[in-house]
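Now for the letters of each chain:
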Amino acid sequence: MQMEWIWGLIGGLLIGTGGAVYLLANGRIMGASGIIGGLVDGTAWNAWAERVTFLAGVFLLPVALYPLYPNGVDTHVTDNWAVLIAAGLLVGVGTRMANGCTSGHGVCGIPRLSMRGLVATMTYIVAGGIGVVIFRHWLGVI
Amino acid sequence: MIRNIYAFIAGGFFGAGLFVSGMTDTAKVQGWLDVFGTWDPTLAFVMGGAMIPMFIAWRLRERRSTPVLGGTFPPAPPQKIDHKLVVGSLMFGAGWGLAGLCPGPSVASLSYGGVGHWVFFAAMITGMAIAPFVIGRYTRLTTAAA
C-alpha cells in the first residue's frame, strides 16, 4: 500500500518524540532492552517505577488505538514456537551483551553520533538480513 | 510522581509510534531485512523519522546542565568498540530476523498479537535473566583465550 511509508514516518516521529521526552524530562535514554532488562536482572530496581510506567505506556497506547483499526492488526507472527523461543532467547541475551537494541543503539545512539550505536546498528541489521536469508530462503523455517 | 507521568508519556509516544508505523508487524520487519524478497522500505522511514526528534533532543540537551525533572543526564557513551558489542548485536540481529520482533515492539504488541507474542516475550525475558551468566562465562572464555 502506498500510504505505508507515510505511516512509517509518522510513527517514527512519534517514537523519536518519546525518546526526546524521556531524555530531556527524565534524563534517561529510551532503550527498550535496557529498561526491560534492568527490571529483569535487578540492576535498576532503584528506578523501577519510572521503568514500569514507561513500559505501561508502551503497552497501553496500542490498546487504546486498536479500536481505530476496524479490520484488526495482523502481526503475521510465526506459530512455530521453537522459532519464537530461539529468537526470544537470542534477542534477550544479545541485547544485554551489546547493551542496547533498535531503540537504544539505533534511535537514540546514532543521533547522538555515538560510534558504538552506529556499529551495533550496522551489525544487527546485517545479522538480521543474513538471518532472514538463511532461515527463509535457505532453510525455509520462517 | 511527576517523573512517572513523564515516563508514561514517553512510553506512550513510543508505543503509539510502534503501533501506527506497523513495526509490530513481523512481516514488515522481515520484509525490510529480506533484500532478496519483496523489499519493504517502511522500517527505514520509521528509523529515519525517529532520529529527527532525537537529533534535536541531543542538541537541546547540550544547552542544559540537568534534565527538566532534575537528576543527571546519562554520561557520555564509551567510545570503545568491544567484541561484546559486536557479538551481542550479532545474536540480537539473528533473533530479530528470525521472529521479526525486537524488545520495544514485543511489549507494544502483547495486547493484540496473540499467544506467539507472549511466547517470544517470555523467551526474551528468560534470555535477559540468564544474560549475566552467559556474559560472565563469555568474558572468562575470551579473557582466558587472550
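Further remarks concern the overall build of chain B. Helix and strand counts for chain B stand at six helices and zero strands. Start at the N end of chain B and walk to the C end: the helices and strands fall as α-α-α-α-α-α. Judged by the C-alpha coordinates and their principal axes, chain B covers about 45 × 40 × 30 Å. For chain B, the proportion of its 146 residues judged to be buried stands at 52%. Put simply, of all contacts in chain B between residues at least 6 apart along the chain, 47% involve residues at least 24 apart. Element-wise, carbon and sulfur atoms account for 71% of the exposed surface of chain B, whose accessible area totals about 6,500 Å². Side chains of chain B give 10 positive and 5 negative charges; the mean places of these two sets differ by 16 Å.

The next point concerns helix α3 (residues 42-62) of chain B. With 21 residues, α3 of chain B extends 31 Å from end C-alpha to end C-alpha; this agrees with the ideal 30 Å at 1.5 Å per step. Of the positions making up α3 of chain B, those classed as buried are Thr 42, Leu 43, Val 46, Met 47, Gly 49, Ala 50, Met 51, Pro 53, Met 54, Ala 57 and Trp 58 of chain B. Where α3 of chain B is buried, its residues contact α1 (4-24), α5 (102-109) and α6 (115-138) of chain A together with α1 (2-21), α2 (26-33) and α4 (83-99) of chain B.

With that settled, the discussion passes to the interface of chain A and chain B. Note: interface size is frequently given as the accessible area lost on complex formation between the parts. At the interface, 97 residues of chain A touch 103 residues of chain B. One can count four salt bridges joining chain A with chain B. Among the salt bridges present, the one from Lys 28 of chain B reaches Glu 4 of chain A, with a minimum N-O distance of 2.5 Å. Counting every contact that joins chain A to chain B gives 20 residue pairs in polar contact (both at pLDDT 80 or more).

In this section: the environment of Ala 64 of chain A. Mapping Ala 64 of chain A onto the fold places it in helix α3 (residues 48-65). Measuring from C-alpha to C-alpha, the distance between Ala 64 of chain A and Ala 87 of chain A comes to 28 Å, with 23 residues separating the pair along the chain.

Time to look at the packing of α3 of chain A against α1 of chain B. How two helices sit against one another is set out by the angle between their axes and by the gap between those axes. Viewed as axis vectors pointing N to C, α3 of chain A and α1 of chain B meet at an angle of 40°, and their least axial separation amounts to 6 Å. On the basis of the axis angle, α3 of chain A is oblique to α1 of chain B. The handedness of the crossing between α3 of chain A and α1 of chain B comes out as right-handed. Contacts between α3 of chain A and α1 of chain B involve Ala 49, Glu 50, Thr 53, Phe 54, Ala 56, Gly 57, Val 58, Leu 60, Leu 61, Pro 62 and Leu 65 of chain A from the first element and Arg 3, Asn 4, Ala 7, Phe 8, Ala 10, Gly 11, Gly 12, Phe 14, Gly 15, Ala 16, Phe 19 and Val 20 of chain B from the second. Classifying every residue of the contact of α3 of chain A with α1 of chain B gives 15 nonpolar, six polar and two charged.

Turning our attention to the layout of surface pockets. The gaps of empty space that remain are located by a probe, the size of a water molecule, rolled over the atoms. Of the pockets and cavities examined, the largest pocket occupies roughly 880 Å³. What lines the largest pocket is a set of 37 residues, and nearest its centre among them are Ile 29, Asn 99 and Arg 112 of chain A together with Pro 74 and Pro 75 of chain B. If you list the elements that add at least two residues to the lining of the largest pocket, you get α2 (32-40), α5 and α6 of chain A. Top element by residues in the lining of the largest pocket is α5 of chain A. It accounts for four residues. Estimates place the volume of the second largest pocket at around 410 Å³.

With that out of the way, let us pick up the environment of Val 93 of chain A. The residue Val 93 of chain A is located in helix α4 (residues 81-98) in this model. On the basis of relative accessibility, which here comes to 5%, the residue Val 93 of chain A falls in the buried class. In sequence terms Val 93 of chain A and Leu 23 of chain A are 70 residues apart; their C-alpha atoms lie 25 Å from each other. If we skip the residues at most four places from it in the chain, Val 93 of chain A touches Met 91, Gly 127, Met 128, Ile 130, Ala 131 and Val 134 of chain B.

About the thresholds
Residues numbered from 1 in each chain as written. Chains lettered and ligands numbered in written order. Predicted model: local features only at pLDDT ≥ 70, side-chain atom pairs only at ≥ 80, totals over all residues. Heavy atoms only, no water. Helix = DSSP H or I, 4+ residues; strand = E, 2+ residues; numbered from the N terminus. Buried < 20%, exposed > 50% of the residue type's maximum accessible area, 1.4 Å probe, protein only. Contact = heavy atoms within 4.5 Å. Areas by Shrake-Rupley, 256 points an atom, 1.4 Å probe, with all protein chains shown as cover. Lys, Arg positive; Asp, Glu negative; His and termini not counted. Charge placed at Lys NZ, Arg CZ, Asp CG, Glu CD. Expected span 1.5 Å × (residues − 1). Salt bridge = Lys/Arg side-chain N within 4 Å of Asp/Glu carboxyl O. Polar contact = N/O pair within 3.5 Å; in protein donor to acceptor, adjacent residues only side chain to side chain. Axes fitted to C-alpha atoms, helices over the stretch in contact; angles between N-to-C directions. Parallel < 35°, antiparallel > 145°, perpendicular 65-115°, else oblique. Left-handed = near helix turned anticlockwise from the far one by under 90°. Nonpolar A, V, L, I, M, F, W, Y, C, P; charged D, E, K, R; others polar. 1 Å grid on protein atoms, 1.4 Å probe; cavity = no way out; pocket = protein on both sides within 12 Å on 5 of 7 lines; lining within 4 Å. Points joined across faces, edges and corners; volume = space filled by probe spheres on them.

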